[in-house]
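# Report on the structure
Below are the chains, spelled out letter by letter.
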Amino acid sequence: MIEQSPTFIIAKDLSFTGILHDIKKSPTSLSPVFEAFTNALESIKIKKNNNEKFGNGKIVISIYANELTDKTSEFRAIEIFDNGVGFNEEEFKRFNTFKDNSKGFKNLGSGRIQYVHFFDRTTINSIFNENNKYFEREFILSKSKSFLNHNAIVKQNYCKEISEQNTYSKVSFTGLLEPSNIYNSLTDDSLKKELLKRYLHYFCFNSNEIPEIIIDFYIYDSLKSTSTISKFDIPKYDKKEDIIIHYSTPARDGNSIEKSENKEVFSVATFKVDKKLLENNDIKLISKGEVVEETKISLNGISRNDNINGNKYLVLVSGNYIDEKDTNIRGELDIPTKNSTKLFNAFNQEVLFLEDIESNVNDKLKSLYPEIEKIIEKHQNELEHLKDMFLIGEDDDVEISINDDDKKILEKFYEAQAKKEAKVDASIKESIDRLDYLDTTSKDYEDELEKEIKKLVRILPEQNKRTLSHYVARRKLVIELFSKILDKKLKVQNSGFREKDEALIHNLLFTQKSTNTYGSDLWILNEEFIYFKGNSELQLKDLEIDNKKVFKSEFEEEEQRYLTSLGQSRLDTRPDVLLFPEEGKCIIIEFKAPNVNASNHLTQINKYASFIRNYTNKEFKIKTFYGYLIGEGIEPKDVQGSVSTFEHSHNFDYLFSPAQRVIDFNGDEHGSIYTEVLKYTSLLKRAELRNQIFIEKLGLK
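Residues numbered from 1 in each chain as written. Predicted model: local features only at pLDDT ≥ 70, side-chain atom pairs only at ≥ 80, totals over all residues. Heavy atoms only, no water.

## What to know about the overall build of the protein
Across its full length, the protein holds 20 helices and 23 strands. Looking at the protein as a whole, 49% of its 701 residues are labelled buried. Expressed as a percentage of contacts within the protein between residues at least 6 apart in sequence, the contacts between residues at least 24 apart total 68%. Of the roughly 36400 Å² of accessible surface on the protein, 46% is carried by carbon and sulfur atoms. (Helix = DSSP H or I, 4+ residues; strand = E, 2+ residues; numbered from the N terminus. Buried < 20%, exposed > 50% of the residue type's maximum accessible area, 1.4 Å probe, protein only. Contact = heavy atoms within 4.5 Å. Areas by Shrake-Rupley, 256 points an atom, 1.4 Å probe, with all protein chains shown as cover.)

## Considering unusual backbone geometry
For Lys-488, which is not a glycine, the phi torsion comes out positive at approximately 55°. On the accessibility criterion, Lys-488 (38% relative accessible area) is partly exposed. A positive phi is found at Asn-547, a non-glycine position, where the angle reads about 65°. Along the chain, Asn-547 falls in the loop between strand 16 (544-545) and strand 17 (548-549).

## Comments concerning the confidence of the model for the protein
Residues at a pLDDT of 70 or more form 86% of the protein, whose mean pLDDT is 85. Low confidence marks residues 103-109, where pLDDT is under 50. Its contacts with residues over four positions away, or in another chain, come to 35 contacts. Every residue in residues 419-427 scores below 50 in pLDDT, and together they form 17 contacts with partners more than four places removed in sequence or on other chains. (pLDDT = per-residue confidence, 0-100.)

## Structural notes on the packing of aromatic side chains
Under the criterion given, the structure shown has 30 aromatic pairs. A ring pair is formed by Tyr-64 and Tyr-218, whose centres lie 4.8 Å apart and whose planes are at 15°; its orientation type is stacked. Of this pair, Tyr-64 sits in strand 2 (residues 58-67) while Tyr-218 is found in strand 8 (residues 212-219), placing the two residues 154 residues apart along the sequence. Given the relative accessible area of 14%, Tyr-64 is considered buried. Residue class for Tyr-218 comes out buried when judged on its relative accessible area of 18%. It is Arg-137 that lies over the ring of Phe-92; its NZ or CZ is 4.1 Å from the centre. (Phe/Tyr/Trp six-rings, centres within 6.5 Å; stacked < 30°, edge-to-face > 60°. Lys NZ or Arg CZ within 6 Å of the ring centre and 35° of its normal.)

## Quick word on the sheet that holds strand 3 (residues 73-82)
What the nine strands build is an open sheet, ordered 1-6-5-4-7-3-2-8-9; its pairing is mixed. Two strands lie at the open edges of the sheet, namely strand 1 (7-8) and strand 9 (222-229), each paired on one side alone. Inspection of the sheet shows strand 4 (residues 119-130) paired to strand 7 (residues 168-176) by eight bridges, in the antiparallel sense. Residue pairing in the sheet places Ile-127 in a bridge with Tyr-168 of strand 7. Across the sheet, helix 7 (residues 188-198) touches strand 2, strand 3, strand 8 and strand 9, and the angle it forms with strand 9 is around 25°. (Pairing = 2+ DSSP bridges. Axes fitted to C-alpha atoms, helices over the stretch in contact; angles between N-to-C directions.)

## Some thoughts on the pairing of strand 4
Direction of pairing for strand 4 relative to strand 5 (residues 133-141): antiparallel, over a ladder of nine bridges. Bridge pairing in strand 5 links Thr-122 to Leu-141. Taken together, strand 4 and the strand that follows it, strand 5, pair antiparallel across an intervening segment of two residues, in which Asn-131 is found at a positive phi of about 55°.

Written as structure tokens, this is what we have:
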């Protein structure tokens with residue numbers, strides 16, 4: 001009997017207050033939209049399976065906004081309509097069952113929790129067929145007090161029999177609970193791009209069967225623009241071939257496995273996809289037209305981040321065998337692996353393993369694309385170079401994956417090395433003394449330092465050479481050289497020429513005009529800095545990330561006026577060091593000569609942050625900054641007297657300013673900057689302490 005009267009859907013044996021606390025708001029801002037879109041695809045698929053004449057269906061997404069300026073808008077609402085099966089009794093029950101994991105295309109089970117985390121009200125209106133009668137149902141989702149007081153987040157307004165006979169569902173999101181630049185900048189075009197990225201695997205496999213997808217963008221209820229997603233937007237498969245995989249069976253000796261005569265046929269479809277659309281190379285199993293996300297198989301030879309001629313590779317594997325191994329649990333296939341507890345039994349004398357699918361698909365991929373062999377060779381050469389650089393031997397217990405970056409490989413190596421005991425007696429005084437004659441500003445500096453490192457390695461006892469890594473030897477000598485510069489013990493500092501202490505320190509930490517952070521010694525400041533993209537003393541206007549210009553080349557009239565006002569050319573300035581740890585973040589480092597009062601330069605970093613926040617290309621939305629002003633002439637009272645937000649951290653001997661605003665002059669979201677002012681001598685002490693355990697273990701005291 002279908003419920004007729006308004007009622008809260010009250011949870012039994014659970015508390016929604018507790019659930020909302022345990023299931024956090026998704027970091028993906030568009031999660032509710034993706035969840036509703038997924039449900040729309042599933043609803044259409046169910047209707048299509050029950051009605052061969054139905055066609056591919058239709059999804060219409062409507063975005064409503066209020067215009068603030070010619071370039072900005074304020075999000076008001078978003079609706080997702082589909083002409084699928086509707087919320088009949090079965091679908092409504094499944095929707096209201098917390099963490100239901102029954103079959104359904106990519107449905108997360110707890111998606112409705114994200115509805116209420118993001119929006120004050122989600123209204124769902126639907127027409128469905130039940131026992132050859134048509135009904136209209138409307139219900140609301142919210143985590144407002146009136147709902148939670150009933151231990152509910154769903155309230156059904158009504159469910160009534162009607163004469164209309166066209167089933168559909170319409171999900172309406174209103175009342176964004178927190179301001180969001182993602183939603184405020186949402187348009188038909190930007191949402192289309194997000195949907196293509198999110199559902200690319202599904203679209204590629206079902207390109208001829210995807211629904212008609214329309215995205216409308218309204219300003220004050222007036223249609224401003226429309227985008228569509230059709231099969232013409234979906235990458236076409238590049239190659240499609242069948243592979244044959246044989247079952248495995250126990251050998252007669254009972255101790256090994258051999259291939260049987262029985263076999264299965266699998267279809268392998270490969271796609272070359274522009275790297276802007278596909279973030280990672282990937283391989284996916286397809287069951288009954290759906291991507292199986294939870295069953296993991298990997299591409300071998302190429303990493304997830306490799307691209308060839310600007311393309312990523314997507315490999316989709318399907319076949320009757322995969323369909324037959326589908327289960328009633330979402331995202332799970334009943335395909336055994338070789339580490340299964342019991343591989344064979346009396347009822348199952350032949351098995352086709354997941355690893356066999358993975359290896360055969362990878363072999364086929366390499367035969368289809370010879371260029372992948374070049375990528376494999378490149379990775380092997382890079383790995384051998386790393387092994388040589390850090391003295392990693394074949395007998396070291398280090399399992400390295402193709403997806404491991406240099407940092408991860410070294411972490412694994414040092415973890416393995418930590419298990420070994422190593423005591424080395426060596427004299428390094430000769431190498432330390434020769435540092436007196438090094439000049440970090442000389443073009444031969446790196447070669448001369450390398451000679452000293454090799455000399456240091458050669459003096460170690462033969463049986464312990466591999467224990468002493470090139471990594472630790474360099475750090476020891478660089479720390480000693482840093483100390484000598486601060487103590488003015490280098491010959492070049494006492495040669496009678498102009499003061500060059502700042503240049504000596506700058507080049508020691510990160511060679512001027514360089515972009516090679518990995519080859520720098522920025523680890524003295526922070527261990528992670530050498531793994532970030534960055535540059536040393538380049539003009540702002542020439543700044544690039546991944547070969548893309550960061551700053552705009554054309555400016556509005558007012559922007560151009562400011563950038564050149566007071567006789568200055570502000571984008572010609574050269575920050576000492578800029579680092580970019582991840583999207584939207586920037587680290588700014590300024591070095592000052594030891595005899596300079598650093599407090600006279602407190603605003604310099606903030607100016608650089610302002611330039612980066614306001615005058616960069618739109619794709620570089622940098623709004624989080626970390627500033628480091630480093631010198632030796634630091635008087636805490638001068639710093640705090642100049643900028644009152646600075647606080648003194650007495651335990652670690654530095655001053656810091658909690659997040660200050662970085663004004664966005666265009667009315668967009670302001671940025672923020674956290675700044676530290678610290679001494680070279682403090683950095684030196686920290687570096688000595690961080691590396692002490694390695695240095696002492698090698699006897700390099």
